Amino acid sequence: MSKLTDSFNFLSKLTFGRIVNVGKILSSYYYTKWSGKPVQWGMPMTVSIEPTTACNLKCPECPSGLRAFSRPTGNLKIDFFTKTIDELYSNLLYLIFYFQGEPYINPKFLDMVKYAHDKGIYTITSTNGHFLNKANARKTIESGLDRMIISVDGTTQETYENYRIGGKLNVVLEGARNMVAMKKEMNSKTPHLIFQFLVVKPNEHQIDDVYRLAEEIGIDEVKLKTAQVYDYAQGNELIPTIEKYSRYAQQESGEYKIKNKLSNECWKLWHACVITWDGSVVPCCFDKDATHKLGDLKETSFATLWQGEAYQKFRADLLKGRDQIDICTNCTEGCKVWA
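Notes on the structure in this doc start here. (Residues numbered from 1 in each chain as written. Predicted model: local features only at pLDDT ≥ 70, side-chain atom pairs only at ≥ 80, totals over all residues. Heavy atoms only, no water.)

### Observations regarding a nonpolar patch on the surface
On the surface, Leu-4, Phe-8, Leu-11, Leu-14 and Ile-19 cluster together into a nonpolar patch covering about 500 Å² of accessible area. Within the secondary structure, Phe-8 is located in helix α1 (residues 3-11). We classify Phe-8 as exposed; its relative accessible area is 54%. (Patch = residues over 30% accessible without salt bridge, like charges linked within 9 Å, V, L, I, M, F, W, Y side chains within 5 Å. Areas by Shrake-Rupley, 256 points an atom, 1.4 Å probe, with all protein chains shown as cover. Salt bridge = Lys/Arg side-chain N within 4 Å of Asp/Glu carboxyl O. Helix = DSSP H or I, 4+ residues; strand = E, 2+ residues; numbered from the N terminus. Buried < 20%, exposed > 50% of the residue type's maximum accessible area, 1.4 Å probe, protein only.)

Below, the structure written as structure tokens:
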């Protein structure tokens, strides 16, 4: 499916209520920038929900892969999911089935995708691609999933396993071929298939190769992603040498600093949020261990939580200084509208 077709598919999800909600979000965001006061008039149009914290790989910069969470691990339950979607769907445009973990490990994952699809929501997931056998490929297409991001961080096994520790590139590529073939067999335009290439020093020489590989298999799009590195100040073996693909710049002192200027604003706090598998709501995808818990959906409604004291205080705090909020200091995208 081409980017244009994917865009039309997304636009088909627009309803009058969702358009009005986007208007409320934008107007409150820009009013906040003008007034310096945290005002929120809409509901989120984008939600990331976590199917599971479990993962079959051990990627070095991932808390799930490192088994480094302090928060509980587990699977999203379908009854909690449907209750949450019933509250949010009339305003919700994007539903991202990913935060930490590998979504396909949750046995009810595709049932939840189908439920959201039937509510007219544009659905996205990100997978390491190890569970895309023919049966799951068929079930995925039947679920109505709109977009699938497949992580392919190397075009040879040696390079790939440098980051995707425990992974098998041949399994991932076979899964991608299964998805392409099943779309043709079922005459389906969805999901839009993306190879995501996380650019790190060990694989930066294979950027051109991943484009060729995607074309050969029939993947719709390739996206290059910059890598978040936790210990970057003294350098890190994962930081690319190609400057435009690095979030970090080396200073005259030899130390590295994040390139992004930390403006005291954040679009994500107005249009999006993350819901963990056990119902905690956190500000964004940079809060991987849910250290900034803004509420619990098992105890209160989303609307109450969204306008609640904890959320408003967090919005106020970032307007005062994002450099004082730990999860913001390694962020490269939060202040961009439509990021």
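Having seen the model, we can carry on.
### Observations concerning the pattern of salt bridges
Oppositely charged side chains may form a pair once their charged atoms are brought near each other. Scanning the model with the defined rule gives 15 salt bridges in all. The closest approach of N and O atoms between Asp-86 and Lys-119, which form a salt bridge, is 3.5 Å. Residue Asp-86 is located in helix α3 (residues 78-88), and its partner Lys-119 is located in the loop between α4 (109-118) and β3 (122-127); the two are separated by 33 residues in the primary sequence. Among the ionic pairs, Arg-138 bridges to Glu-185, the shortest N-O distance being 2.5 Å. You can see Arg-138 sitting in helix α5 (residues 134-143) and its partner Glu-185 sitting in helix α7 (residues 169-185), a full 47 residues away along the chain. For Glu-185, a relative accessible area of 55% puts it in the exposed group. Among the charged side chains, a salt-bridge network with shared partners connects Lys-3, Glu-221 and Lys-223.

### Focus on the packing of aromatic side chains
With the rule as written, the count across this model stands at 14 aromatic pairs. For the pair Tyr-94 and Tyr-122, a centre-to-centre distance of 5.4 Å together with 70° between the ring planes defines the contact as edge-to-face. Here Tyr-122 lies in strand β3 and Tyr-94 lies in strand β2 (residues 94-97), a separation of 28 residues in the sequence. We classify Tyr-94 as partly exposed; its relative accessible area is 25%. We classify Tyr-122 as buried; its relative accessible area is 0%. Relative to Tyr-311, the ring of Trp-306 lies with its centre 4.9 Å away and its plane at 65°, an arrangement referred to as edge-to-face. As far as burial versus exposure is concerned, Trp-306 and Tyr-311 are alike and both buried. In textbook terms, an aromatic cluster arises when at least three aromatic residues are bridged by ring pairs, as seen for Phe-81, Phe-97, Tyr-104, Phe-109 and Tyr-115. When the ring centre of Phe-80 is taken as origin, the NZ or CZ atom of Lys-298, which lies over that ring, is 5.5 Å away. (Phe/Tyr/Trp six-rings, centres within 6.5 Å; stacked < 30°, edge-to-face > 60°. Lys NZ or Arg CZ within 6 Å of the ring centre and 35° of its normal.)

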